[in-house]
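Here is how the chains run, residue by residue.
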Amino acid sequence: MKLSRRSFLKSSAGAGIGFGLSLGPERASAIEPKNATRIQLIRHATAIIHYAGRVLMVDPMLGDPGVMPPIDRSPNPRPNPLVPLPLAAEKALTGIEAILVTHTHPDHWDAAATELVPKDATLFIQPPDSAKFAELGFSDAQKIDESVSWKGITISRTGGQHGRGETGRRMAPVSGYV
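Quantities reported herein were computed from a predicted structural model and do not represent experimental measurements. (Residues numbered from 1 in each chain as written. Predicted model: local features only at pLDDT ≥ 70, side-chain atom pairs only at ≥ 80, totals over all residues. Heavy atoms only, no water.)

Caption draft 1: Seen up close, the nonpolar core. Core analysis: the largest hydrophobic core is formed by 21 residues, its most contacted members being Met57, Leu62, Ile99, Trp109, Val117, Leu123 and Phe133. Elements with a minimum of two residues in this core: strand E3 (54-58), helix H3 (89-93), helix H4 (111-116) and strand E5 (122-125). Element by element, the count of residues in this core is highest for H3, at three residues. Not counting chain neighbours up to four residues away, the residues in contact with Ile99 comprise Met57, Pro60, Leu93, Trp109, Val117, Thr122, Leu123 and Phe124. Listed in part, the 14 residues of the second largest apolar core include Ala47, Ala98, Ile153 and Ile155. (Core = buried A, V, L, I, M, F, W, Y, C linked by side-chain atoms within 4.5 Å. Buried < 20%, exposed > 50% of the residue type's maximum accessible area, 1.4 Å probe, protein only. Helix = DSSP H or I, 4+ residues; strand = E, 2+ residues; numbered from the N terminus. Contact = heavy atoms within 4.5 Å.)

Written as structure tokens, this is what we have:
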């Protein structure tokens, strides 16, 4: 299912998305409705989403700073991750009900995620990554061809690309989720 810009905007209208939790959870809960949508950027592409009373994580990159090599051909090569997590990885995973994985490049799913995410965690993945998660021992990795209904939420997969031409072909498939 491919969503047009108009369909996406209609589906997300009124969601009340706010970035970060600068108020702190105690103040935020005092002024937000119980099921308000909140998105907290953790680091890089890793985020925690509170939506419809559920808690999801996107692209867990949970390793310590500098444990991965620099990105090839980057203008300022520095080991990754560049910054520490704002909280311990185990704490970041506390209360997470499902994880959305856009793709398995190590800056979106790293070795620490493979180690720390429980093997029975609910993962929503793109079809090309099914074999990889099975090999890693994850028992509830659900591929989304178009959309899936989970605990009262419909999750639709969208296509994406890392670049154009040869770079895009080399970088492998990537997905987004609405």
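Moving on from the coordinates now.
Caption draft 2: Inspection of the sheet that holds strand E2 (residues 46-51) at higher detail. Read across the open sheet, the six strands follow the order E1-E2-E3-E4-E5-E6; overall the sheet is mixed. Of all strands in the sheet, those with a lone pairing partner are strand E1 (38-43) and strand E6 (140-143), marking the two edges. Pairwise comparison of adjacent strand axes, ignoring direction, gives a mean angle of 25° for this sheet. Two strands pair when backbone bridges link them, and E5 and E6 are joined in this way by four bridges, in the parallel orientation. Within E6, the position partnered with Ile125 by the bridge is Lys143. (Pairing = 2+ DSSP bridges. Axes fitted to C-alpha atoms, helices over the stretch in contact; angles between N-to-C directions.)

Caption draft 3: Structural context of the sheet that holds strand E7 (residues 147-150). Strand order in the open sheet formed by three strands is E7-E8-E9, and the pairing between neighbours is antiparallel. Only two strands of the sheet have a single partner each, and these edge strands are E7 and strand E9 (174-177). When strand polarity is set aside, the average angle formed by the axes of neighbouring strands in this sheet is 30°. Bridge analysis of E7 against strand E8 (residues 153-160) gives four bridges, and the strand direction is antiparallel. Residue pairing in the sheet places Ser147 in a bridge with Ser156 of E8.

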